[in-house]
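Chain by chain, the residues run as shown.
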Amino acid sequence: MIATHNYFTSSIGKKQIMALTGFGLIGFVLTHLAGNFFILVGPDAFNYYAYKLTSNPLIYVAEAVLAGMFIGHIVLAVLLKLQNMGARPQSYFTKVRTGRGETIASGTMPYTGLILMIFLILHLLNFKFGTEYYTVVDGVKMRDLYKTVIEYFANPLYVAWYVFAMLCLGLHTSHGFQSMFQTWGLNHKKYTPAIQTLSSAYGIFVALGFSGLAIYCYFQN
Amino acid sequence: MSKEITVHLKIWRQKNRQDSGRFEEYTLNGVSQDQSFLEMLDQLNVKLVRDGKEPVAFDSDCREGICGSCSCMINGQAHGPEKETTTCQLHMRSFNDNDTIVIEPWRARAFPVIKDLVVDRSSFDKVIASGGFVSVNTGNAPDASAVLVSKENADKAMDAAACIGCGACVASCPNASAMLFVSAKISHLALLPQGQVEAQKRANSMVKTMDEMGFGNCTNHAECEASCPKGIDLSNIARMNREYFKAKIASEE
Ligand code: HEM
Ligand code: FES
């Protein structure tokens, strides 16, 4: 038992749990985006997809796991960041990046993460717990989430905030994706360059995907 | 052709551990560009002593890039602007006439400043000591071919063993993490058959000591790799992460 306790409080243990939860979140974000693409098919398709997803009793298990991953990821992020700040009580008066290491994405992880946390709360309030409209598809009464979404994106300020948050998500995951492989010890001459390319591609894809859909919704009004 | 230049130095002066420290500025004329950086500091100190002032304290020993003691932050970069170079290997030809050069000590909780540019890096020694011993056969020296080591692993172990423990990785890391150093020390034994017997114990206790010393946590920026005078790379940190995880799930303690 002492061994497991040490692992979860150790630097590497915390980082590996962080990477594991990040991995789960990366998967979630991808499936969420795939689901959102139903908006392009039309109101009925999107509403029916959302209905099928939320009426499955397993949704509660999935939501609990998801909430656990978010909370674990955020708590560890705060713990690690505080420790890192404590590790250098007096900062440098001059410090320049070598240009061969730290990137904009890696250097802003805690900040993009913070924006994502705020976004997450607002996002749940606006949609999951947002205005409830109802519609009937194939004789089944269900939530008209499509209407809630389109209505929300009628405001260009909301579109701008959403796009900004999604750029942060893209930046966060473009570093996080490849970072989690390194944290789990997967660094390989042949595969690491491919993982790094895939990491950037993932970040760009989710940022453009979510933002594009928000802009599409704006023009549906 | 050697050229003489004038440099404006902004150097961190701190009397002792308790002192809060401050920058002092000096202008040094007639600095040969053929000089090494430390020779330039020697030249400054000769001048300071002649003027009846306290010379700048800095560490150095081998002055050929192998001991790792000449550690300082030069214009915001560990060991200065050149790649894979220690401060003693840095030359004044890397600077121009009338340049301002800012020199600071390493800054990390685990590396308290003792005086001026000299920091206490004994936390590194404690990490190494906690790694313990390696079991080897006593008696006559075994045949070189008795224990087989693949060329690839021998090379990687040698690359990791090139670490001189200068602390540039900690100094350059935005999180003051020592993971490149500790991973190099874990790696050079983990890659060799001779290091297998205590491999798990070693990973376990070196990481534990690293955490206790108050270093930060790696966030995979790779500033350490970019600043390392010996070119130790990030694959060592990945190896340490693997070794530590393996040690944890296998450990019975
Ligand atoms: C909700 C608020 C979030 C916060 C506060 C947050 C914060 C952080 C922080 C501080 C790090 C460590 C920085 C580093 O290792 O360089 C990190 C890493 C990471 N994050 Fe997040 N993040 C959040 C959301 C997300 C989301 C939504 C995803 C995925 C889509 C994600 C994926 C990752 C990954 C994969 C890592 C890399 C782990 C590693 O270093 O191995 N994070 N996050
Ligand atoms: S004085 Fe030994 S490495 Fe510079």
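Residues numbered from 1 in each chain as written. Chains lettered and ligands numbered in written order. Predicted model: local features only at pLDDT ≥ 70, side-chain atom pairs only at ≥ 80, totals over all residues. Heavy atoms only, no water.

1. Side note on the site of ligand 1
Residue and element names in this part refer to chain A.
- The full set close to ligand 1 counts 24 residues, and M18, H73, H172, S179 and T183 are the nearest of them.
- Measuring from an oxygen atom of ligand 1, one finds a side-chain N or O atom of S179 at 2.7 Å.
- At the level of secondary structure, the elements contributing two or more residues to the shell around ligand 1 comprise α2 (11–36), α5 (59–86), α7 (109–128) and α9 (156–183).
- The element best represented in the shell around ligand 1 is α9, accounting for seven residues.
- Within the shell around ligand 1, the residues separate by chemical class into 14 nonpolar, ten polar and no charged. (Near = heavy atom within 4 Å. Polar contact = N/O pair within 3.5 Å; in protein donor to acceptor, adjacent residues only side chain to side chain. Helix = DSSP H or I, 4+ residues; strand = E, 2+ residues; numbered from the N terminus. Nonpolar A, V, L, I, M, F, W, Y, C, P; charged D, E, K, R; others polar.)

2. Observations concerning the coordination of the iron atom of ligand 1
All names here are of chain A.
- Protein coordination at the iron atom of ligand 1: the donors are H73 (NE2) and H172 (NE2), at 2.0 Å from the metal.
- For the iron atom of ligand 1, the six donor atoms are set out with angles of 87 to 180° between them, so the coordination reads as octahedral. Of this pair, H73 sits in helix α5 while H172 is found in helix α9, placing the two residues 99 residues apart along the sequence.
- Judged by its relative accessible area of 14%, H73 is buried. (Donors = N, O, S within 2.8 Å, 3.2 Å for Na, K, Ca; no water. Tetrahedral: all angles 85-135°; square planar, octahedral: opposite > 155°, others 65-115°. Buried < 20%, exposed > 50% of the residue type's maximum accessible area, 1.4 Å probe, protein only.)

3. Quick look at the domain arrangement of chain B
All names here are of chain B.
- Its domain assignment divides chain B into domain 1 (4–104) and domain 2 (122–252).
- Relative placement of domain 1 and domain 2: their C-alpha centres are 31 Å apart.
- If you look at the interface, domain 1 gives eleven residues, while domain 2 gives eleven residues.
- Interface of domain 1 and domain 2: buried area, both sides summed, is about 770 Å²; carbon and sulfur atoms make up 57% of it.
- Our count for the domain 1 to domain 2 interface comes out at zero salt bridges.
- Looking at side-chain class alone, the side of domain 1 that touches domain 2 contains four nonpolar, six polar and one charged residues. (Domains from an automatic or database assignment. Contact = heavy atoms within 4.5 Å. Buried area = accessible area lost by both parts, 1.4 Å probe. Salt bridge = Lys/Arg side-chain N within 4 Å of Asp/Glu carboxyl O.)

4. Considerations on the interface of chain B and chain A
- Facing 49 residues of chain B, the contacting portion of chain A comprises 40 residues.
- Counting each side, the surface lost to burial between chain B and chain A is near 3,700 Å², with a carbon and sulfur contribution of 51%.
- Taken together, the connections running from chain B to chain A amount to zero salt bridges.
- Put simply, chain B and chain A have 32 residue pairs in polar contact (both at pLDDT 80 or more) between them.
- Looking at the side of chain B that touches chain A, the elements with two or more residues in it are β5 (100–104), α4 (168–172), α6 (199–212), α7 (223–227) and α8 (235–250) of chain B.
- The dominant element in the side of chain B that touches chain A, judged by the number of residues it contributes, is α8 of chain B, at nine residues.
- A breakdown of the residues in the side of chain B that touches chain A according to their chemical character gives 25 nonpolar, 15 polar and nine charged.

5. Let's talk about the pairing of strand β1 (residues 4–13) of chain B
Residue and element names in this part refer to chain B.
- Among the ten residues in β1, seven count as buried, and that is most of the element.
- Here β1 pairs with strand β2 (residues 22–32) via nine bridges, running antiparallel. Paired with W12 across the strands is F23, a residue of β2.
- Pairing geometry for β1 and β5, over four bridges, is parallel. Paired with H8 across the two strands is T100, which belongs to β5. (Pairing = 2+ DSSP bridges.)

6. Quick word on the packing of α2 of chain A against α9 of chain A
Residue and element names in this part refer to chain A.
- The N-to-C vectors of α2 and α9 enclose an angle of 135°; their axes lie 9 Å apart at closest approach. Regarding the angle of α2 to α9, the classification is oblique. Once α2 is placed against α9, the crossing between them reads as left-handed. Across from K15, Q16, A19, G22, F23, I26, V29 and N36 in α2, the residues of α9 making contact are Y162, L169, T173, F177, M180 and T183.
- Among the residues forming the contact of α2 with α9, the class breakdown is eight nonpolar, five polar and one charged. (Axes fitted to C-alpha atoms, helices over the stretch in contact; angles between N-to-C directions. Parallel < 35°, antiparallel > 145°, perpendicular 65-115°, else oblique. Left-handed = near helix turned anticlockwise from the far one by under 90°.)

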